[in-house]
Amino acid sequence: MAVPKRKMSRASTRMRRAQWKATAPTLVKTVENGKTTYSLPHRAKVVEDSTGTPLYMEYKGRKVADV
Amino acid sequence: MAAPTKGPRLGGGPAHERLMLANLAAALFTHKSIKTTETRAKRLRPVAERLITFAKRGDLHARRRVLATIGDKTVVHELFTEIAPLVELREGGYTRITKLGFRKGDNASMVQMELVLEPVNPKPKSAKKAAAAAATDAPEETPVEETVVAEDETVDAPVEETEAPAEDAPAEDAK
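Being a predicted model, the structure only gives us computed values, none of them experimental.

A. Structural detail: the overall build of chain A. Helices and strands together make up the secondary structure of chain A, namely one helix and five strands. Listed by position from the N terminus, the elements making up chain A come as α-β-β-β-β-β. Since a compact globule built from 67 residues should have a radius of gyration of about 11 Å, the 23 Å found for chain A marks it as more spread out than a globular shape. Each principal axis of the C-alpha atoms in chain A carries an extent, and together these give about 60 × 30 × 25 Å. Across the 67 residues of chain A, 12% fall into the buried class. Taking all contacts inside chain A whose residues are at least 6 apart in sequence as the whole, residues at least 24 apart take part in 0%. Accessible area for chain A stands at about 6,400 Å²; split by element, carbon and sulfur atoms hold 55% of it. The positive charge centre, built from 15 side chains, and the negative charge centre, built from 5, are 30 Å apart in chain A.

Written out as structure tokens, the structure reads:
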């Protein structure tokens, strides 16, 4: 089994860890009834009734799946 | 013609993938709509559509070729007698994949895959194609008048259609 020969320096450990960055997802902004929501594009959305209970999933005005 | 798939087989090996796709296709024809992962759905689409093409052909040879993939005779019977007539006029594109979200546990992208069984609603031909068709038809009968009338109709129709969505779009934004 291959084994590291030298202890990894604190500097190189930190340089490796510094390269792990988060990327912002591309979101779509929709304003509905004065409420602004951000959502992923091309993905079905959950339709809720007035009390916030999820009913079904909708895409382009069509019911596609149950929650 | 299905393009060769890139990357490793689904499941563990070629046999596992064949079985998985056959079972998914059978489930799709039984339930008309299934929830699965995006990767599986994308692999399933050419398999399922090919089986539907066989079903549209409808003869015994086609039935036996489908039975080679899906072993269940009741599913194949349903495919040939119920699904095939509904997609008779549709020229390919028998399935629809809608992305739903990500599965809890492994964060796999889930989709709803369904058969497109609605009656075909053909798109109006684009102005250029319609004009070309009119030009080819016209010389046989009355060359001058036919083309003029046809072009007017074809030019007018798409403009109205393009205006209508444009009007709708700002209205939705304004809400």
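There is more to say after this.
B. Local environment of the nonpolar core. Among the nonpolar cores identified, the biggest contains 30 residues, and B:F29, B:L44, B:I52, B:V66, B:I70, B:L79 and B:F80 are the most heavily contacted of them. Mapped by element, the contributors of at least two residues to this core are α1 (14-31), α2 (38-57), α3 (60-69), α4 (73-86) and β3 (109-115) of chain B. With five residues, the next largest nonpolar core counts A:M57, A:V64, A:A65 and B:L100 among its residues.

C. Molecular detail of the interface of chain A and chain B. Counting residues at the interface gives eleven residues for chain A and ten residues for chain B. Of the roughly 880 Å² buried at the junction of chain A and chain B (both faces included), carbon and sulfur atoms supply 52%. Broken down residue by residue, the surface that chain A buries against chain B is led by A:R43, A:R62 and A:V64, which jointly contribute 53%. Applying the counting rule to chain A against chain B returns one salt bridge. The salt bridge involving B:E114 is made with A:R62; its shortest N-O contact spans 3.0 Å. The interface formed by chain A and chain B holds three residue pairs in polar contact (both at pLDDT 80 or more) in total. For the side of chain A that touches chain B, the residue count by class is seven nonpolar, two polar and two charged.

D. Spotlight on the sheet that holds strand β2 (residues 95-102) of chain B. Residue and element names in this part refer to chain B. Pairing is antiparallel across the open sheet formed by three strands, whose spatial order is β1-β3-β2. Of all strands in the sheet, those bounded by a partner on one side alone are β1 (33-37) and β2. Averaged over all neighbouring strand pairs, the angle between strand axes comes to 25°, with direction disregarded. Sheet topology places β2 next to β3; seven bridges connect them, and they run antiparallel. Bridge assignment links T95 to a residue of β3, and that residue is L115.

E. Main features of the pairing of β3(B). Residue and element names in this part refer to chain B. For β3, the buried fraction is high: seven of the seven residues fall into the buried class. Here β3 shows a buried face lined by S109, V111, M113 and L115 and a second buried face lined by M110, Q112 and E114. Two elements, β1 and β3, share five bridges in a ladder whose sense is antiparallel. The partner of T36 across the bridge, within β3, is V111. Linking β2 back to β3 in an antiparallel pair, the connection comprises six residues, with G105 at a positive phi of about 115°.

Cut-offs applied
- Residues numbered from 1 in each chain as written.
- Chains lettered and ligands numbered in written order.
- Predicted model: local features only at pLDDT ≥ 70, side-chain atom pairs only at ≥ 80, totals over all residues.
- Heavy atoms only, no water.
- Helix = DSSP H or I, 4+ residues; strand = E, 2+ residues; numbered from the N terminus.
- Rg over C-alpha atoms; globule rule 2.2 N^0.38 Å.
- Buried < 20%, exposed > 50% of the residue type's maximum accessible area, 1.4 Å probe, protein only.
- Contact = heavy atoms within 4.5 Å.
- Areas by Shrake-Rupley, 256 points an atom, 1.4 Å probe, with all protein chains shown as cover.
- Lys, Arg positive; Asp, Glu negative; His and termini not counted.
- Charge placed at Lys NZ, Arg CZ, Asp CG, Glu CD.
- Core = buried A, V, L, I, M, F, W, Y, C linked by side-chain atoms within 4.5 Å.
- Buried area = accessible area lost by both parts, 1.4 Å probe.
- Salt bridge = Lys/Arg side-chain N within 4 Å of Asp/Glu carboxyl O.
- Polar contact = N/O pair within 3.5 Å; in protein donor to acceptor, adjacent residues only side chain to side chain.
- Nonpolar A, V, L, I, M, F, W, Y, C, P; charged D, E, K, R; others polar.
- Pairing = 2+ DSSP bridges.
- Axes fitted to C-alpha atoms, helices over the stretch in contact; angles between N-to-C directions.

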